[in-house]
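So you can see what is in the structure, the chains are spelled out below.
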Amino acid sequence: MFKSSIIKPNRSLAKSCIYALVMLVLSAVAPAAHAQGDAMFTQYWAVPTYYNPAEAGSIDFVRIRGGAKLQWVGIKNAPKSFLGSADMPIKLGKKHRLGVGALFNQESIGLYRNMLVGVQLNYRLNWLKGVWSFGLQPAYYDTKFKGSDVYIPEGDDFHQPDDPELPTRDVSGNAFDLSAGLSYTHKYFTLGISMLHILEPTVTMDGDEGGGDSEGVEFQATLPRMAYFTALGNIPLKNTLFSLQPSLLVRTDFSRFTAEATMRATYNRFLSFGLGYRYKEAVSAMISAEFKNFFIGYAYDYPLSALGKASSGSHEVVIGYNVKLNFGEKNKNKHRSIRIM
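About the thresholds
Throughout this document, residue positions are counted from 1 along each chain, in the order its sequence is written. Totals for whole chains, interfaces and linings use all residues, but because this is a predicted model, local features are given only for residues with pLDDT of at least 70 and pairs of side-chain atoms are given and counted only at 80 or more. Side-chain measures here rest on the full set of heavy atoms in the structure, leaving out hydrogens and waters. Ring geometry is summarised as follows: Phe, Tyr and Trp rings, the Trp one being its six-membered ring, pair when their centres sit within 6.5 Å, and such pairs are stacked at plane angles under 30 degrees, edge-to-face over 60 and tilted between the two. We call a charge positioned above a ring when the Lys NZ or Arg CZ atom is no farther than 6 Å from the ring centre and deviates by at most 35 degrees from the ring normal. The term salt bridge refers to a side-chain nitrogen of Lys or Arg lying within 4 Å of a carboxyl oxygen of Asp or Glu. Note on conventions: DSSP H or I runs of at least 4 residues are helices, E runs of at least 2 residues are strands, and numbering of each starts at the N terminus. The rule is simple: take the accessible area with a 1.4 Å probe, protein chains only, and divide by the maximum for that residue type; under 20% is buried, over 50% is exposed, in between is partly exposed. By this definition, two strands are paired if DSSP reports at least two bridges between them. To qualify as a nonpolar core, a set must consist of buried Ala, Val, Leu, Ile, Met, Phe, Trp, Tyr and Cys residues joined through side-chain atoms within 4.5 Å. Should any heavy atoms of two residues lie within 4.5 Å, those residues are counted as being in contact. Polar contacts, as used here, are pairs of N or O atoms within 3.5 Å; protein pairs need one atom able to donate a hydrogen and one able to accept it. Residues neighboring in sequence count only if both atoms are side-chain atoms.

A. The arrangement of the packing of aromatic side chains in detail. Here the structure, examined in full by the defined rule, presents 12 aromatic pairs. Here Tyr 184 and Phe 189 contribute two aromatic rings whose centre-to-centre distance is 6.0 Å and whose plane-to-plane angle is 50°, an arrangement assigned as tilted. Site record: aromatic cluster; members linked through ring pairs are Phe 41, Tyr 50, Tyr 51 and Tyr 228. Here the basic side chain of Arg 264 rests over the ring of Trp 45, its NZ or CZ set 3.6 Å away from the ring centre.

Structure (structure tokens):
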């Protein structure tokens, strides 16, 4: 509840950060406001289908992934994100394949509770010494806002307790969502570009009748359109058991952007560790291991903004398992995904 999170400003920088976070969430529930966008997983390279549906079926396994991120630990009602995904290739003739997948994402930020459930389908073909893939992701998007927990502190310059643009009851709604992506995978690198939430769905949120909301006010939230570019590489180091995996993720809603660069080192295709930097937001450290088709990874983010005064950082865990597939013939592209090299 926000009642325990509201702190009068100007007492300290840390409390001001918390107050600013709360005001950001409250201001987001005005009519036709933008809802929370996609979660920023530090181990984005481990959950590729979350950012690009063209990545479904990119390895010859049934790939199962689950992830959780607790952002800005120490700040009450800070974002929490949970992800589940599964994908696999399907052979189509002798040369071409399809990729199919499913995705579940749930997040909470302040008084918002958002959920997205989608299916993925892409077409994959060999061309120009690599594998090209074009994918689509239709999805169901649901959002809830706990208006019954809204608390307006005295002296707030942004809202009044009787502000008709703020729900005073719990409201919810859902909408159809659509995303698309393109990727190219070479032996030593992968490039991807995607557009998520192409239709930028606007959800009209309704609740129980009554509750004191002003008549004629329609509460809405919009899932913002996001474009992503990803680049992942694999650089074997000669005469060693080590390899380097540099990677980059850039995202934009066409009014602002953020970028994240990561460098990982992997030993014997088993243990990897690395560092990352998210532009003006955070630095990160990560470690992961793969053994007998199991994957587990952990990442820690330390904020570079003033939020660092109020939070001890962000924690993220990704786990997964790959189920081996047998297509009845030797796989000529068994290393076409750099994420398992």
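Further notes follow.
B. Representation of the pattern of salt bridges within the structure. Enumeration according to the criterion identifies 10 salt bridges in this entry. Two residues, Lys 69 and Glu 316, come together in a salt bridge whose shortest N-O distance is 3.7 Å. With Lys 69 in strand β2 (residues 61-73) and Glu 316 in strand β18 (residues 313-324), this residue pair connects regions lying 247 residues apart in the sequence. Classification of Lys 69 by relative accessible area gives buried; the value is 4%. As a salt-bridge pair, Arg 278 and Glu 260 come within 3.0 Å of each other at their nearest N and O atoms. In this pair, Arg 278 sits in strand β15 (residues 271-278) while Glu 260 sits in strand β14 (residues 257-267), placing the two residues 18 residues apart along the sequence. Taking relative accessible area as the criterion, Arg 278 reaches 7% and is therefore assigned buried.

C. Summary view of the pairing of strand β11 (residues 226-233). Among the 8 residues in β11, 7 count as buried, and that is most of the element. Two elements, strand β8 (residues 189-196) and β11, share 8 bridges in a ladder whose sense is antiparallel. Its bridge partner being in β11, Met 195 is matched across the sheet by Ala 227. Pairing between β11 and strand β13 (residues 242-252): 6 bridges, direction antiparallel. In the strand pairing of β13, Leu 232 is matched with Ser 247.

D. Structural detail: the nonpolar core. With 35 residues, the main nonpolar core has Phe 41, Trp 45, Tyr 50, Tyr 51 and Phe 145 as its most contacted residues. Broken down by secondary-structure element, the contributors of at least two residues to this core are α2 (48-51), β4 (96-109), β5 (112-127), β6 (130-146), β7 (170-185), β9 (202-207), β11 and β17 (294-303). With residues near it in sequence (within four places) discarded, Tyr 51 still touches Ala 39, Met 40, Phe 41, Tyr 44, Ser 194, Leu 196, Tyr 228 and Leu 249.

E. Structural detail: unusual backbone geometry. Located in the positive-phi region is Leu 128, a residue other than glycine, with phi close to 55°. Secondary-structure assignment places Leu 128 in the loop between β5 and β6. Its identity as a non-glycine residue notwithstanding, Asn 268 has a phi of 55°, on the positive side. Positionally, Asn 268 belongs in the loop between β14 and β15. Classification of Asn 268 by relative accessible area gives partly exposed; the value is 44%.

F. Quick look at the side chain of Thr 230. Among the structural elements, Thr 230 can be located in strand β11. Owing to a relative accessible area of 13%, Thr 230 belongs among the buried residues under this scheme.

G. Structural view of the environment of Lys 280. Inspection of the secondary structure puts Lys 280 in the loop between β15 and β16 (282-291). A distance of 3.4 Å separates polar atoms of two side chains, one belonging to Lys 280 and the other to Tyr 279.

H. Looking closely at the pairing of β18. Where β2 and β18 come together, 11 bridges link them in antiparallel fashion. Residue pairing in the sheet places Leu 70 in a bridge with His 315 of β18. The sheet contact formed by β17 and β18 spans 8 bridges and is antiparallel. Following the sheet pairing, Phe 295 is matched in β18 by Gly 320.

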